[in-house]
Amino acid sequence: MEMDLPRPVFIVGMPRTGSTILHQLLAEDSKSMSVPFWEWYDPVPPEEGQKDLRLQNAQEKVANIKKAVPILETLHLTEAHEADECYQGWIDFPYAADCCLKIMPWLYKSFELFWNADLTEIYENQRKILQLLLWQRQTSYDWTILKSPIHTISLDNLATAFPDSLFVWTHRDMKSVVCSFAGLCTLGFVRDHSAIIDMKECGRRALEMLDMLMRRGLEARKKLEEQNFQFVDFYFSDFIRSPIEAISQLYGLLGLPFTEEAEQQMQKFYQNSLEARKAAKKPTKFTLDEFGLDKDDIDRTFEYYYKQFPKVSH
């Protein structure tokens, strides 16, 4: 299927850096092509004459996940109809999220395979799915907005499959990132039906994993920038201070027009998101002490990162 895909913009970097809300807000721009969870989950519509239950099925799946793992709703608030991460459409590797960031202990072997594999074919297949969706929609877009911290593992393969890509790297103080990601690592024990969660093991695993991911991602970024790929840095601190202003500045750096319509849609979505969070269960908050982690140890571990990006507060 040879269709010209609108220029892709990939949000990459570390997990827990505000990339989800950024992705959702950018997806509110009618000029950007984005993919909600339900379309990643089942991109092919039923035969003519049959009722399309894809959204309903995806909603049921999300609801079941929330029932099975209630803590997940407080850590990653995304609904079936909202823009979601690219790996949801990786038909070649459906357990990517569980294994590639070493969250699920029983998938550690898959973690090694994933990190050592050439993922170019996975990304080429993802491109075909995007072309399929574009053909189905028969809508004109100026650009495509895509996101997953998992991309940071294989930026080189991603760039091979999407040679016209732009990249947005999200930044946040690594003490907050490590603590929040360690909270995600507790899911490995929950889904393993463990009676006791080893918090210190979650902390150690999170620090080790994020250091690996950061070093690998920055190394690949350097090589891609030498090949004239563009990376734009987006800071969580700027977003918290003034969300729409930060996004307006991001548009300028990407060379994209920030329309009044897009701003209004983003304002509306952001306000609804804030209200949804207030109505949802209280967020699960962790402390570094609970994970046996020390602020100074994290700052020392990521000293190279802070030197390269001094704007990141720490």
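Worth saying up front: this structure is predicted, and the values here are computed from it rather than measured.

Peer 1: I would appreciate a short explanation of the overall build of the protein in the present structure.
Peer 2: Scanning the protein from terminus to terminus reveals 15 helices and five strands. For the protein, buried positions account for 53% of its 314 residues. Counting contacts in the protein only where the partners sit at least 6 residues apart, residues at least 24 apart contribute 80% of the total. For the protein, the exposed surface amounts to about 15,500 Å²; the carbon and sulfur share of it is 49%.

Peer 1: When you look at the layout of surface pockets in this model, what are you seeing that I'm missing?
Peer 2: A probe as big as a water molecule, rolled over the atoms, marks out the empty space that is left. Estimates place the volume of the second largest pocket at around 180 Å³. Every residue lining the second largest pocket is listed: Ala117, Ile153, Ser154, Asp156, Asn157, Arg216, Glu219, Ala220, Lys223, Leu224 and Gln227. Top contributing element to the lining of the second largest pocket by residue count: helix α10 (residues 199–226), with five residues.

Peer 1: For this particular structure, what's the right way to read helix α7 (residues 120–137)?
Peer 2: Each turn of an α-helix holds 3.6 residues, which means side chains three or four residues apart point in the same direction. For α7, with 18 residues, the first-to-last C-alpha span of 26 Å sits near the 26 Å given by 1.5 Å per residue. All of the buried residues in α7 are Thr120, Ile122, Tyr123, Asn125, Gln126, Arg127, Ile129, Leu130, Gln131, Leu132, Leu133 and Leu134. Residues of α7 that are buried sit in contact with β1 (7–13), β2 (32–33), α2 (37–41), β3 (143–147) and α8 (155–161). Directly beyond the C-terminal end of α7, a positive phi value near 55 degrees is found at Gln138.

Peer 1: Explain unusual backbone geometry to me, please; I cannot follow it from the model alone.
Peer 2: Apart from glycine, the bulk of residues carry a negative phi angle, and the bulk of peptide bonds sit in the trans form. Phi at Gln138 takes a positive value of approximately 55 degrees, unusual for a residue other than glycine. Looking at where Gln138 falls in the secondary structure, it is placed in the loop between α7 and β3. Its identity as a non-glycine residue notwithstanding, Asn228 has a phi of 75 degrees, on the positive side. With respect to the helices and strands, Asn228 occurs in the loop between α10 and β5 (230–235).

Peer 1: Got a minute to help me understand the nonpolar core in this structure?
Peer 2: Most often, soluble globular proteins keep nonpolar side chains buried together rather than apart. Among the nonpolar cores identified, the biggest contains 70 residues, and Phe114, Leu155, Phe167, Met174, Val178, Phe181 and Phe302 are the most heavily contacted of them. For this core, the leading source of residues is α10, giving 11 residues. One finds Val232, Ile247, Leu254 and Met266 within the second-largest nonpolar core, a separate group that totals 27 residues.

Peer 1: Is there a simple way to explain the environment of Ala182 in this structure?
Peer 2: Mapping Ala182 onto the fold places it in helix α9 (residues 174–191). Of the residues examined, Ala182 reaches a relative accessible area of 0% and is grouped as buried. Between the C-alpha atom of Ala182 and that of Gly203, which follows or precedes it by 21 residues, the distance is 5.2 Å. Filtering out sequence-adjacent residues up to four positions away, Ala182 remains in contact with Cys202, Gly203, Ala206 and Phe291.

Peer 1: Would you mind going over the side chain of Gln131 with me for this structure?
Peer 2: Here Gln131 shows up in helix α7. Of the residues examined, Gln131 reaches a relative accessible area of 8% and is grouped as buried.

Peer 1: Can you walk me through the pairing of β3 in this structure?
Peer 2: Moving residue by residue along a regular strand, the side chains alternate between the two faces of the sheet. With five of five residues buried, β3 lies mostly within the body of the structure. Burial of β3 is two-sided: the residues Trp143, Ile145 and Lys147 facing one way and the residues Thr144 and Leu146 facing the other way are all buried. As paired elements, β1 and β3 share five bridges and run parallel to each other. What sits directly across from Val9, in β3, is Ile145. Pairing analysis gives two bridges linking β2 to β3, with the strands arranged parallel. Residue Met33 lies in a different strand from β3, and its bridge partner there is Thr144.

Each value, and the rule that gives it
Residues numbered from 1 in each chain as written. Predicted model: local features only at pLDDT ≥ 70, side-chain atom pairs only at ≥ 80, totals over all residues. Heavy atoms only, no water. Helix = DSSP H or I, 4+ residues; strand = E, 2+ residues; numbered from the N terminus. Buried < 20%, exposed > 50% of the residue type's maximum accessible area, 1.4 Å probe, protein only. Contact = heavy atoms within 4.5 Å. Areas by Shrake-Rupley, 256 points an atom, 1.4 Å probe, with all protein chains shown as cover. 1 Å grid on protein atoms, 1.4 Å probe; cavity = no way out; pocket = protein on both sides within 12 Å on 5 of 7 lines; lining within 4 Å. Points joined across faces, edges and corners; volume = space filled by probe spheres on them. Expected span 1.5 Å × (residues − 1). Core = buried A, V, L, I, M, F, W, Y, C linked by side-chain atoms within 4.5 Å. Pairing = 2+ DSSP bridges.

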